[in-house]
Amino acid sequence: MVERELVVDILLVEDNPSDAELAIRALKKRNLANHLEWVKDGAAALDFLFQRGDYVGRSSALPKVVLLDLRLPKVDGIEVLTQIRAHPETRELPVVILTSSKEEQDLVATYQLGVNSFVAKPVAFDEFARTVAELGMYWVLVNRVPPDIRSPS
């Protein structure tokens, strides 16, 4: 298959279409959504990251950040994070949990697995949009990672 040259800065893993739409609009407002890929379940996220299934042939460059919900169909966010951290190619990929969960056990479990940040989704529309925009600004424009993290061998 011919390699697709899609460069993705943000991988949004979110099963709730309303939350995804709001996040995408907030990122577009800050001009951060041009290089965004939205997947609706954990299996699709893993396929994207590891170039499997529908994503065979995509560019091997990794996103700058994964915004990952925990409560996902097919493969939950904890398992997605576990698999990301288990592979040398993705081990250092920045992952931000963006979830409605306020469970302390989720917070502890994700940090034990090496998450970079855990953000509880604000309930208020404006606050949610502002939070996502600020996350995008930080992880895409401010944060720096070594060059080999973006392009696994």
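As the structure is a computational prediction, the values presented were derived from the model and not from experiment.

A. Seen up close, the pattern of salt bridges. If you walk through the whole model with that rule in mind, you get six salt bridges. For the salt bridge of D19 with K121, the shortest nitrogen-to-oxygen distance reads 2.9 Å. Of this pair, D19 sits in helix 1 (residues 17–29) while K121 is found in the loop between strand 5 (117–120) and helix 5 (125–142), placing the two residues 102 residues apart along the sequence. A salt bridge links R71 to D106, with the nearest nitrogen and oxygen atoms 2.5 Å apart. Taken together, the residues R71 in the loop between strand 3 (65–68) and helix 3 (77–86) and D106 in helix 4 (residues 104–112) connect sequence positions 35 residues apart. One connected set of salt bridges, linked through shared partners, spans E14, D19, D69 and K121.

B. Fine view of helix 1. An ideal rise of 1.5 Å per residue puts 18 Å on 13 residues; helix 1 measures up with 18 Å between its terminal C-alpha atoms. Turning to helix 1, its buried residues are A20, L22, A23, I24, A26 and L27. Next to the buried residues of helix 1 lie strand 1 (10–13), strand 2 (36–39) and helix 5. Its side-chain oxygen at 2.8 Å from the backbone nitrogen of S18, N16 defines the N-terminal cap of helix 1.

C. Local environment of the nonpolar core. The biggest cluster of nonpolar side chains holds 25 residues, and the ones touching the most others in it are V13, L49, V66 and L68. Considering every element that reaches this core, the biggest residue donor is helix 2 (residues 42–49), with five residues. Discounting chain neighbours no more than four positions away, the residues touching L68 are V13, G77, V80, L81, V95, V96, I97 and L98. A129, V132, W139 and V140 belong to the second largest nonpolar core, which has 23 residues in total.

Cut-offs and rules
Residues numbered from 1 in each chain as written. Predicted model: local features only at pLDDT ≥ 70, side-chain atom pairs only at ≥ 80, totals over all residues. Heavy atoms only, no water. Salt bridge = Lys/Arg side-chain N within 4 Å of Asp/Glu carboxyl O. Helix = DSSP H or I, 4+ residues; strand = E, 2+ residues; numbered from the N terminus. Expected span 1.5 Å × (residues − 1). Buried < 20%, exposed > 50% of the residue type's maximum accessible area, 1.4 Å probe, protein only. Contact = heavy atoms within 4.5 Å. Polar contact = N/O pair within 3.5 Å; in protein donor to acceptor, adjacent residues only side chain to side chain. Core = buried A, V, L, I, M, F, W, Y, C linked by side-chain atoms within 4.5 Å.

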